[in-house]
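Chain by chain, the residues:
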Amino acid sequence: MVHAHVIKTGTHEEFFVMSFLVNVYAKCGVMVNARKVFDNLPRRNVVVWTTLMTGYVQNSQPEVAVEVFGNMLESGSFPSNFTLSIALNACSSLESITLGKQFHAFIIKYRISHDSSIGNALCSLYSKFGSLDSSVKAFRETGKKDVISWTTIISACGDNGRAGMGLRLFIEMLFENVEPNDFTLTSVLSLCSTIQSSDLGMQVHSLSTKLGHESNLRITNSLVYLYLKCGCIEEAKNLFNRMEYKNLITWNAMIAGHAQAMDLAKDNFSAQQTGTEALGMYLKLNHSGRKPDLFTLSSILTVCSRLAALEQGEQIHAQTIKSGFLSDVVVGTALVDMYDKCGSIERARKAFLDMSTRTLISWTSMITSFARHGQSQHALQLFEDMRLAGFRPNQITFVGVLAACSHAGMVDEALEYFEIMQKEYKIKPVMDHYGCLVDMFVRLGRLDEAFDVIKRMDVEPNEFIWLLFIAGCRNHGNEELGFYAAEQLLKLKPRSTETYVVLLNMYISAERWEDVSMVRRLMKEEKVGKLKDWSRISIKGEVHSFKTNNRLHNHNAELHALLNDLVDRAKSLGYEQLENMEVIDDEEEEAEEKAFSSAVYHSEKLAVTFGLLNTPIGAPIRVIKSVTMCKDCHDFMKVVSSQTTRHIIIKDGKRLHKFVNGQCSCADSHGLL
């Protein structure tokens, strides 16, 4: 309307008015009109050329912006510093480092000074293509550095995995008396999250408060995420509760932060508590009237997978369908992982098949799921389908493939895939790949070949490798190799209580009491605590907790009567109870005589028995356990699943075990206590 008035009144002959009109149309995203006005201008200066270029860059037409730059040079106009910074931004949008270097050469050739606009654009360009050294050089050559210059280079360090350098530059910025803005502080907090430094984050928190940014939502969201990632859950919750306004990013930060905090938890049940809080956050978000987005859904599905919370996962699955996010590849992959970790491989498979598009992560997740559930042929067939679809497998994909071969004892296939990984895909084996091969030979009782794999490894075997080998030696009666492996393991000075329990049980079984005393002495020297064994089962929304040899529940008489009956029936079917096991308890040792005891009342046995008493006939029983299952409990659960025709799913400290008709999905893994 104003444009029409300009023409009607003859004001269109005013160059300033019409050049400003180019800017108006560009800002409104109507580049066709902006170009028409531009083409009809009687003359053009560098400002209007730059305005048109800016419009094309901001409206996702960077290639046209570069073309306009060429037209400007042909017309005889010389670019300003701001024009060149816009051209460099166009190169970033085009993802063309070659074109960007040509513009950089133009700047050098014509000795154009590096003011902040050009310096910032060069810094951003080189950072985007992973050339941090060039980015830093451009920053250093910038004349007067403003807060945007400092923020750009600090962000560049974060984008290129150089958090330490970014933090040093931030300190340098403060020494130069340049006051950071909210974007700077957000970038610095992101760097603190990367290195998980809550102490430094708290100092930045104090600085932001001092500078008056206490209520800035962007900074507060970053702080919430930082505290959660560093395991400072109370600090994050206090900050969250004090916020007057919360947007969806805030809620997502809390939920995603809780999901990541589960990985940092000191034990399995601290992780469970954190995950339960995340589910509570998700419910509050729904009640707040805000609709979750794909980031929310993928994060909360990750929480459900780690909690083995199938019912909540199913509800969130229904919500993804209702909200239209089911087609998103990230949400779809999270669904596959959730159903897999909850023990429902068929639903995981259906979620995978329902995905409209798939990434390498999706394919790898499904392959690993099949392997984890003992469906090796499905895993290998899917791997071949993935290759036919044109996806190039990575390290993690081959871990799933080799694990599938290990479960099925497919030695020739495993060695062939191991060779394909190295020769065809140029992937160097890592510890997990070797672990799959060792596990495979150990399962088959081919201990000499497993030992040969360990000796030929390109890396020093770690605790995980030696534990696999020790378990195999115990199961197949090769004490000599087992004791040698134990010596190698102790040289690593492990910090895991479970590792020492494995060694103690091995020495106790062999009645090598001097070695038992030696291991206990090492545990005291290394300040290794006792193994805290808890199991929990959720029934009708109520969580019931059990711990080894402890009578925590009101239904003790009935519970213990059924458990003893199950043990007697299992013995009649061939179950041999291991009487001498290292005590797994979180009580202080009262006497040296309590060094070992019967494994009858291990926590998962109590929890499963309680589930049999309090769930409908035929319903699956799902238990979360704080530490790795022992061999005795594993053997017992196989018999009970056959006796009761129940599916028993136990998520322990290392993996998920699904017992069906006397078989476990782990194919009797040797990663047991």
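Residues numbered from 1 in each chain as written. Predicted model: local features only at pLDDT ≥ 70, side-chain atom pairs only at ≥ 80, totals over all residues. Heavy atoms only, no water.

S.K.: It is not clear to me how the overall build of the protein chain should be interpreted in this structure. Could you clarify?
M.R.: Scanning the protein chain for helices and strands turns up 34 helices and eight strands. Judged by the C-alpha coordinates and their principal axes, the protein chain covers about 105 × 55 × 50 Å. The burial tally for the protein chain puts 53% of its 673 residues in the buried class. Excluding contacts between residues fewer than 6 apart, the proportion of contacts in the protein chain whose partners are at least 24 apart in sequence is 64%. When the accessible area of the protein chain is evaluated, it comes to approximately 32,000 Å², of which 51% is carbon and sulfur surface. (Helix = DSSP H or I, 4+ residues; strand = E, 2+ residues; numbered from the N terminus. Buried < 20%, exposed > 50% of the residue type's maximum accessible area, 1.4 Å probe, protein only. Contact = heavy atoms within 4.5 Å. Areas by Shrake-Rupley, 256 points an atom, 1.4 Å probe, with all protein chains shown as cover.)

S.K.: Explain the pattern of salt bridges here, please?
M.R.: For side chains of opposite charge, pairing can occur when their charged atoms come near one another. Applying the stated criterion across every chain, the model contains 22 salt bridges. The salt bridge partner of Asp-340 is Arg-372, with a shortest N-O separation of 2.2 Å. Residue Asp-340 is located in helix H20 (residues 329–341), and its partner Arg-372 is located in helix H22 (residues 360–372); the two are separated by 32 residues in the primary sequence. What makes Arg-372 partly exposed here is its relative accessible area of 27%. Here Glu-526 and Arg-495 are joined by a salt bridge, their closest N and O atoms 3.0 Å apart. (Salt bridge = Lys/Arg side-chain N within 4 Å of Asp/Glu carboxyl O.)

S.K.: Sorry if this is basic, but what is going on with the packing of H20 against helix H21 (residues 345–353) here?
M.R.: In a packed pair of helices, the relevant descriptors are the angle between the two axes and the axis-to-axis distance. At a minimum axis distance of 7 Å, the contact between H20 and H21 shows a crossing angle of 170°. As judged from the angle between their axes, H20 and H21 are roughly antiparallel. Side by side, H20 and H21 meet where Leu-335, Val-336, Tyr-339 and Asp-340 of the first sit next to Ile-345, Arg-347, Ala-348, Ala-351 and Phe-352 of the second. (Axes fitted to C-alpha atoms, helices over the stretch in contact; angles between N-to-C directions. Parallel < 35°, antiparallel > 145°, perpendicular 65-115°, else oblique.)

S.K.: I tried to follow helix H32 (residues 556–572) on my own but got confused; where do I start?
M.R.: At 3.6 residues per turn, the α-helix brings residues three or four places apart onto the same side. Taking 1.5 Å per residue, 17 residues should reach 24 Å; H32 reaches 24 Å between its end C-alpha atoms and fits that length. Here the buried face of H32 lies against strand E2 (542–547), helix H33 (603–614) and helix H34 (631–644). Directly after H32, the chain includes Gly-574, whose backbone phi takes a positive value near 105°. (Expected span 1.5 Å × (residues − 1).)

S.K.: I would appreciate a short explanation of the sheet that holds strand E7 (residues 656–660) in the present structure.
M.R.: Taken together, the six strands give an open sheet; going across it, the order is E2-E1-E5-E6-E7-E8, and neighbouring strands pair in mixed fashion. Taken across any chain shown, the strands that pair with only one partner, and hence form the sheet edges, are E2 and strand E8 (663–664). Here strand E6 (residues 648–651) pairs with E7 via four bridges, running antiparallel. Paired with Lys-651 across the two strands is Leu-656, which belongs to E7. Each of strand E1 (534–539), E2, strand E5 (621–625) and E6 touches H33; the most contacted strand, E1, lies at about 15° to it. (Pairing = 2+ DSSP bridges.)

S.K.: Where do I start with the packing of aromatic side chains in this structure?
M.R.: Each pair of aromatic rings is reported with the distance of its centres and the angle of its planes. Overall, the coordinates contain 22 aromatic pairs when judged by the stated rule. Joined through ring pairs, the aromatic side chains of Phe-69, Phe-78, Phe-103, Phe-106 and Tyr-110 make up one cluster. Looking at Lys-246, its charged tip hangs above the ring of Phe-240, at a distance of 4.9 Å from the centre. The aromatic ring of Phe-483 is capped on one face by Arg-512, whose charged end is 3.7 Å from the ring centroid. (Phe/Tyr/Trp six-rings, centres within 6.5 Å; stacked < 30°, edge-to-face > 60°. Lys NZ or Arg CZ within 6 Å of the ring centre and 35° of its normal.)

S.K.: I would appreciate a short explanation of unusual backbone geometry in the present structure.
M.R.: If a residue is not glycine, its phi is most likely negative; likewise, a peptide bond is most likely trans. We note that Glu-95 has phi near 55°; this positive angle belongs to a residue other than glycine. With respect to the helices, strands and loops of the structure, Glu-95 is situated in the loop between helix H6 (81–94) and helix H7 (97–109). With a relative accessible area of 57%, Glu-95 lands in the exposed category. Even without being glycine, Gln-196 reaches a positive phi, approximately 50°. Here Gln-196 lies in the loop between helix H12 (182–195) and helix H13 (198–210). Gln-196 sits in the partly exposed class, given a relative accessible area of 39%.

S.K.: Which parts of the structure should I look at to understand the side chain of Ser-376?
M.R.: For Ser-376, the location among the structural elements is in helix H23 (residues 376–388). Discounting chain neighbours no more than four positions away, the residues touching Ser-376 are Phe-370, Ala-404, His-407, Ala-408 and Met-410.

S.K.: Could you clarify how one ought to interpret the environment of Ile-219 in this entry?
M.R.: Within the secondary structure, Ile-219 is located in helix H14 (residues 217–229). By relative accessible area, Ile-219 is classed as buried at 2%. A C-alpha to C-alpha distance of 8.0 Å links Ile-219 and Leu-189, two positions 30 residues apart in sequence. Ignoring any residue separated from it by four or fewer positions in sequence, one finds Ile-219 in contact with Asp-182, Leu-185, Thr-186, Leu-189, Ser-208 and His-213.

S.K.: Can you walk me through the confidence of the model for the protein chain in this structure?
M.R.: In regions of low pLDDT, the predicted coordinates are not meant to be interpreted in detail. On average, the protein chain scores 89 in pLDDT, and the residues at 70 or more come to 95%. Across residues 583–597 the pLDDT falls below 50, and counting only partners more than four positions away or on other chains, this stretch makes 35 contacts in the model. (pLDDT = per-residue confidence, 0-100.)

S.K.: Could you clarify how one ought to interpret H6 in this entry?
M.R.: With 14 residues, H6 should cover 20 Å at 1.5 Å per step; its first-to-last C-alpha distance of 20 Å lies within 8% of that length. Burial of H6 is extensive: ten of the 14 residues sit out of reach of the surface. For H6, every residue scored as buried is listed here: Asn-81, Thr-83, Leu-84, Ser-85, Ile-86, Ala-87, Leu-88, Ala-90, Cys-91 and Ser-92. Tucked into the core, H6 has its buried residues touching helix H4 (46–58), helix H5 (62–74), H7 and helix H8 (116–128).

S.K.: How do you make sense of a nonpolar patch on the surface when you look at a structure like this?
M.R.: A surface patch of nonpolar side chains, amounting to about 320 Å² of accessible area, comprises Phe-16, Phe-20 and Val-24. Overall, Phe-16 belongs to the exposed group, its relative accessible area being 62%. (Patch = residues over 30% accessible without salt bridge, like charges linked within 9 Å, V, L, I, M, F, W, Y side chains within 5 Å.)

S.K.: I'm lost on the state of the cysteines in this one. Help?
M.R.: By definition, a disulfide links the sulfur atoms of two cysteine residues through a covalent bond. Going through the model one piece at a time under the given rule, you end up with zero disulfides. As a non-bridged cysteine, Cys-633 has Cys-630 as the owner of its nearest cysteine sulfur, 3.5 Å distant. Cysteine Cys-666 is unpaired, with the sulfur of Cys-664 as its nearest cysteine sulfur at 3.4 Å. (Disulfide = S-S within 2.5 Å.)

S.K.: Teacher, can you tell me more about the pairing of E2 here?
M.R.: On any regular strand, side chains alternate: one points to one face of the sheet, the next to the other face. Bridge count for E1 against E2 is six bridges, and the pairing is antiparallel. Among the inter-strand pairings, Arg-536 is bridged to a residue of E2, identified as Ser-545. In this structure, the hairpin formed by E1 and E2 is closed by a connection of two residues, where Lys-540 is found at a positive phi of approximately 55°.

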